[in-house]
Amino acid sequence: MTNSENLNQPTPVLPRRRRSRKRWLGPILFVLAAGLTISALWLNRELRIPVAHEKANDYIEISRRSSPEGIVNKLVSEGVLRRKWPLLIYIKLTGSAKLLKAGEYRFPSPITPLAVLKKLEEGEQRLSRFTVIEGWTRWDIADSLAHVDELQLKDSGEALTLMDETSGIRDLDPKAENLEGYLFPATYSFPPATKPDAVVAGMVKRFRQEWTPERDARARSLGMTPRQIVIIASLIETEAKLKDERPMIASVIYNRLNKGVALGVDSTIIYASKLAGKWRADGKVYLSDVSRRSRYNTRIYSGLPPGPVGNPGESSIDAALNPAQTDYLYYVRDPSRNDGAHNFYSKSADFERGVRALREWERTQSR
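Fair warning: this is a prediction, and the values are worked out from it, not measured in the lab.

Enquirer: Can you help me understand the pattern of salt bridges in this one?
Expert: A side chain of one charge can pair with a side chain of the opposite charge when the charged atoms of the two come close. The full count for this structure, using the stated rule, is 23 salt bridges. With a closest N to O distance of 2.8 Å, Arg215 and Asp318 form a salt bridge. Linking Arg215 in helix H9 (residues 213-221) with Asp318 in helix H14 (residues 314-321), this pair joins segments that are 103 residues apart in sequence. We classify Arg215 as buried; its relative accessible area is 12%. With a shortest N-O distance of 2.3 Å, Arg220 and Asp216 are connected by a salt bridge. Taken together, the positions of Arg220 and Asp216, both in helix H9 and four residues apart, correspond to about one turn of that helix. Through salt bridges with shared partners, a single ionic network connects Arg206, Glu210, Arg215, Glu314 and Asp318.

Enquirer: Sorry if this is basic, but what is going on with a nonpolar patch on the surface here?
Expert: Where nonpolar side chains cluster on the molecular surface, the patch consists of Trp42, Trp85, Ile89 and Leu93 and spans about 450 Å² of accessible area. Sort the elements by how many residues they give to the nonpolar patch and helix H4 (residues 85-94) lands first, with three residues. Topologically, Trp42 is positioned in helix H2 (residues 14-48).

Enquirer: How should the nonpolar core be read in this particular structure?
Expert: One broad rule of soluble globular proteins: the nonpolar side chains tend to lie buried together. Ranked by size, the top nonpolar core spans 53 residues in total, and within it Leu145, Met163, Met203 and Ile236 carry the most contacts. Only helix H6 (138-145), helix H7 (156-162), strand E4 (187-190), helix H8 (196-210), helix H10 (226-239), helix H11 (246-259), helix H12 (266-275) and H14 provide two or more residues apiece to this core. Broken down by element, this core gets its largest block of residues, six residues, from H10. The contact partners of Met203, leaving out residues within four places of it in the chain, are Phe130, Val132, Ile141, Leu145, Tyr182, Leu183, Phe184 and Tyr188. Among the nonpolar cores identified, the runner-up in size contains 19 residues, and Val72, Val80, Leu81 and Phe107 belong to it.

Enquirer: Sorry if this is basic, but what is going on with unusual backbone geometry here?
Expert: Peptide bonds are trans in most cases, and residues, glycine excluded, mostly fall at negative phi. Here the amide bond leading from Ser109 into Pro110 is cis, since omega sits at 0 degrees, within 30 degrees of zero. Tracing the backbone shows Pro110 in the loop between strand E2 (103-105) and helix H5 (113-122). One non-glycine residue, Gln152, lies in the positive phi region at around 55 degrees. Tracing the sequence through the fold places Gln152 in the loop between H6 and H7. Notably, Ala281 is not glycine yet its phi reads approximately 55 degrees, a positive angle. Using a relative accessible area of 60% as the deciding quantity, one classes Ala281 as exposed.

What counts, and at which threshold
Residues numbered from 1 in each chain as written. Predicted model: local features only at pLDDT ≥ 70, side-chain atom pairs only at ≥ 80, totals over all residues. Heavy atoms only, no water. Salt bridge = Lys/Arg side-chain N within 4 Å of Asp/Glu carboxyl O. Helix = DSSP H or I, 4+ residues; strand = E, 2+ residues; numbered from the N terminus. Buried < 20%, exposed > 50% of the residue type's maximum accessible area, 1.4 Å probe, protein only. Patch = residues over 30% accessible without salt bridge, like charges linked within 9 Å, V, L, I, M, F, W, Y side chains within 5 Å. Areas by Shrake-Rupley, 256 points an atom, 1.4 Å probe, with all protein chains shown as cover. Core = buried A, V, L, I, M, F, W, Y, C linked by side-chain atoms within 4.5 Å. Contact = heavy atoms within 4.5 Å.

Laid out in structure tokens, this is it:
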């Protein structure tokens, strides 16, 4: 057969085969696209479904060098995650494996897998919490600190000794012999390895944050030192149960100071008994307490006591800096209310009637 003959031979019908392939390619691509869409919707749904679990109050430790799969498997075994694959796929797709941090985690319940991942990326460390209540004395704080196991204090006496270090407030109060008044009431969080003195220092640091330049300037405008304001605030804290009464009680304190009248605040008498180691801690003030010759006994001695009688909170400090403008010299609990409210008086005769009404109410309650 010659070359010319060869050229005249019919060629295969290739276009028909190409058309056949195109006819199948469309459905295949559609199926793949639909599959990817469904998978993406499934993944999105799984990552956003909250999972309820029973470990919300427990710490779960994620150790160093844990692989993403190891972390996810652990969280599945703890019940924090329902399935491992959705989060593992997401971690792989987003490249977030390098962002996962070791630590001790508490996962709220319910929680979504995406929220779990967010916590793992932010990192978390086990924290102990300690709360100082408004009006607590340093003895109260020391006793509470001694019960925080992580601090490993022998007893409250060891904690109390930490409060004799006054270098952190020396510029504010050169006369301070201890930290009474400067251990700011708040809830403090700290890692388990924190030393007890660092916890105490944190309370002082918080006080210094609250003692703003504006408050310092206000104290100076009243002719008061920070120490005097803290003493007055500690008296207000122990006397006032209602926030809106604190400026009123502050006005009574200032009015009596200006007239040279003894303050007669029971909390100072109790504080004097605690200093002497004689406080019976039964809630009653005895004759021996009232007659104790101590500068803290504000029934015997006029003027402010030598130091704070507790640790005041923000509202009591502000009341000490901004007393109400009144002529009141007395107050006594209002027996018609059960919320700790007081009646205020400018005359002793009215005050005595208020005292008699309270005593009569107390007698009826004891029957």
